[in-house]
Amino acid sequence: MAAVLEDALVCTGVSKQFYEEEERVPGVKRRWFGRRKRPIHAVKDVTFQVKRGEIFAILGPNGSGKSTLIRIISTLLFPDRGSVHIFGMDVMKKRLYVRRMINRVSVEAAFFKKLSSYENLMYAARLYDVKPEEARVRSREILERLGFSPKKIYIPMENLSRGMQQKVAVARALLTSPVLLLLDEPTTGLDPKSKRDVQKFILEVQESHDTTVILTTHDMDEAEKLCQRMAIIEDGSFVALDTPQNLKAQLTRKNGHAVTLEDVFLELTGKGWEEEG
Amino acid sequence: MELGRELRATYAFVERNFNLVRRYLNWEIVFLFYSIINALTIGFIGVTTGPDEVLFLTVGALLWGFLSVLFHEVGESVSWERWEGTIEYTFMAPIRRLTHLGGMCIFAIIYGTIRTTVVLAVVAFFFDISLKEANLFSGLLVLVCSSLAFIGLGLMAAVLPLLSPERGSQATHILQGVILLVSGVYYEVEVLPGWLQNLSVISPATYTLKAARAALLEGQSIAALGPEMLRLVVIGLVLIPLGLFIFNLGENYAMRSGKLKRSG
Ligand SMILES: Nc1ncnc2c1ncn2[C@@H]1O[C@H](COP(=O)(O)OP(=O)(O)O)[C@@H](O)[C@H]1O
Ligand SMILES: [Mg+2]
């Protein structure tokens, strides 16, 4: 039993398919029984485990299924097949309990734009049953460590830069003391300074809290810098899973010269990194 | 304490929405202004047709204003959060859906009451409405009883945007329009063509308006209006659980099909 609890997350054979209505093509007659639906295999048979306290990165280009996988783990989407357990609890059957243990930072800032950071944080605190007084102190502390100037906490969030908004998003997630933190491209689109602030903070969190982190990114340097182990996802499937060092070492042995993660990706998927997009 | 935890979480929605009202204050004032003008113009129609009509019509305008606020706040809550981009955050909060929707309903009732009171004050200033005959207490009780039914309807409407992000909100507006047409807000339902009167029978607003007018125009007592109020309460007690049930089905559908949110 103790061994089981060392696994913060267990994903087994997870698959997810969406159906997208086909575009209406001008000139082509529509079939009278309705538009055809095209299936999109967003996640295909993904299996992995994440150890307690680990930072696990999922690296992949746009549209490879990272967000879909994160949504399945964070109880926002049902998988078609497979199961997800967080500290032994099934995310589909024990939704309410799982939700108390997790929090998610998404790519886009999910805030009430006209409300201030403070008001948005208070909303989060009440939903997660954090006492307002405690929430006030903790969120200030976190924001300060992230390099967020405390004066700006009372102005509407629409007047903050993307970097600042993302810092508030990180603070909001940490405020609720999650044991599993899901970061879906937390640094995408941030200026270099904010990016470094957020990355530094993620490492700090891992050191100072009993928090397991799952991080998606399309930035190889970020994955290499932050994670202990990483998976490479392409078209919904994991094509590799190991430590960044091992992934590079395997290919280095094969090629006979030193390689970067970019070379690893190219080798595994047969595609250049940037041509995906 | 599980129950205490859930009760405290309802306040998250009340506080959040009042914060939003404060931040969108200009729009609030514009909408309130429009509601007042709307009630006044309808009252003036009554002045031209006969003094008895003024009260009949203003009761209609006020009640419809209140019921629309309830229906709108609850029914549009999903579309609104989708537009803001907060829907996933709210839906993955560790609270029961009942707590979430209950919080929205509590806000809607408080907010609707405040707005209706302001409109009432202005209307009373313009038309010297005689409430000597009125039984205000019965009128108030009718309002409370019918809130339940409207919250139930709002819950059913709220599910539509979960089923179809594009068309759900449009359907909500059509539903509201039909209720306005068939419930006898500004006229007796008897003037409607027969086939539309069939819809009047199933609209809870029909009974609300009838009972509210009986209380305010004829001064009928709580005892006399008992059966009407009981009917409204029963409709509410059926519609609320039904609304929650349908909402849950809709949520499960959205979580299976990926309709909660598309991008990101
Ligand atoms: N809710 C949805 N409905 C339909 N298709 C979706 C939905 N979410 C994602 N997809 C599709 O699934 C694929 C994977 O998307 P996503 O998980 O967002 O990738 P990533 O986060 O790696 O960019 C894409 O082709 C995307 O268009
Ligand atoms: Mg994504």
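Peer 1: Explain the site of ligand 1 here, please?
Peer 2: What surrounds ligand 1 is a group of 14 residues, the closest being Gly 63, Lys 66, Ser 67 and Thr 68 of chain A together with Gly 258 of chain B. For ligand 1, an oxygen atom lies 2.6 Å from a polar atom in the backbone of Gly 63 of chain A. Ser 67 of chain A places a polar side-chain atom, nitrogen or oxygen, 2.7 Å from an oxygen atom of ligand 1. Protein chains bury 82% of the 560 Å² of accessible surface belonging to ligand 1 in isolation. Of all the secondary-structure elements, those providing two or more residues to the shell around ligand 1 are β2 (37–51) and α2 (66–73) of chain A. Sort the elements by how many residues they give to the shell around ligand 1 and α2 of chain A lands first, with three residues. Residues that form the shell around ligand 1 fall into these classes: four nonpolar, seven polar and three charged.

Peer 1: Which parts of the structure should I look at to understand unusual backbone geometry?
Peer 2: Comment: phi is negative for the bulk of residues other than glycine, and the bulk of peptide bonds are trans. Residues and elements named next belong to chain A. The backbone phi angle of Asp 45 is positive, close to 45 degrees, even though this residue is not glycine. Tracing the backbone shows Asp 45 in strand β2. Judged by relative accessible area, which is 56%, Asp 45 ranks as exposed. The backbone of Thr 75 sits at a positive phi, close to 65 degrees, despite the residue not being glycine. Note that Thr 75 resides in the loop between α2 and β4 (81–86).

Peer 1: What's the story with a nonpolar patch on the surface in this structure? I'm lost.
Peer 2: The grouping of Leu 230, Val 234, Val 238, Leu 242, Phe 245 and Leu 249 of chain B at the surface amounts to a nonpolar patch, some 570 Å² of accessible area in total. Counting through the fold element by element, Leu 249 of chain B comes out in helix α11 (residues 222–257).

Peer 1: What's the story with the interface of chain B and chain A in this structure? I'm lost.
Peer 2: By convention, interface size is frequently given as the accessible area that disappears when the constituent parts associate. Taken together, the 42 residues of chain B in the interface contact 38 residues of chain A. Overall, the association of chain B and chain A removes approximately 3,800 Å² of surface from exposure, summing both partners, and the carbon and sulfur fraction of that is 53%. Taken as a group, Tyr 89, Met 92 and Met 255 of chain B account for 23% of the area that chain B buries against chain A, more than any other trio of residues on that side. The interface formed by chain B and chain A holds 10 salt bridges in total. Measuring nitrogen to oxygen at the nearest pair gives 2.7 Å for the salt bridge that ties Arg 126 of chain A to Glu 15 of chain B. At the surface where chain B touches chain A, the tally comes to 15 residue pairs in polar contact (both at pLDDT 80 or more). For the side of chain B that touches chain A, the elements supplying multiple residues, two or more each, are α1 (2–23), α4 (77–84), α5 (87–91) and α11 of chain B.

The rules we used
- Counting from 1, residues in each chain are numbered in the order their sequence is written.
- Think of it this way: whatever chain is written first is A, whatever ligand is written first is 1, and the rest follow in order.
- Thresholds applied to this predicted model are a pLDDT of at least 70 for local features of residues and 80 or more for the giving and counting of side-chain atom pairs; totals over whole chains, interfaces and linings are not thresholded and use all residues.
- With hydrogens and water set aside, each side-chain value is computed from the structure's full complement of heavy atoms.
- It suffices for a single heavy atom of a residue to lie within 4 Å of a molecule or strand for the residue to be listed as near it.
- Counting of polar contacts relies on pairs of N or O atoms within 3.5 Å, with two restrictions inside protein: one atom must be capable of donating a hydrogen and the other of accepting it, and residues adjacent in sequence are counted only when both atoms are side-chain atoms.
- Methods summary: accessible areas were calculated by the Shrake-Rupley approach with a probe of 1.4 Å, and residue burial reflects only the protein chains presented.
- For helices the rule is a DSSP run of H or I covering at least 4 residues; for strands it is a run of E covering at least 2, with both sets numbered from the N terminus onward.
- In this classification, Asp, Glu, Lys and Arg are treated as charged, Ala, Val, Leu, Ile, Met, Phe, Trp, Tyr, Cys and Pro as nonpolar, and every other residue, Gly included, as polar.
- A 1.4 Å probe rolled over the protein chains alone gives each residue an accessible area, and that area as a share of the maximum for its type sets the label: buried under 20%, exposed over 50%, partly exposed in between.
- Patch definition: residues above 30% relative accessible area lacking any salt bridge, with like charges linked at up to 9 Å and the nonpolar side chains Val, Leu, Ile, Met, Phe, Trp and Tyr linked at up to 5 Å.
- A pairing counts as a salt bridge when a side-chain nitrogen of Lys or Arg comes within 4 Å of a carboxyl oxygen of Asp or Glu.
- In this analysis, two residues are considered to be in contact whenever any of their non-hydrogen atoms come within 4.5 Å of each other.
- A quick way to say it: buried area is the sum, across both parts, of accessible area lost when two parts are put together, with a 1.4 Å probe.

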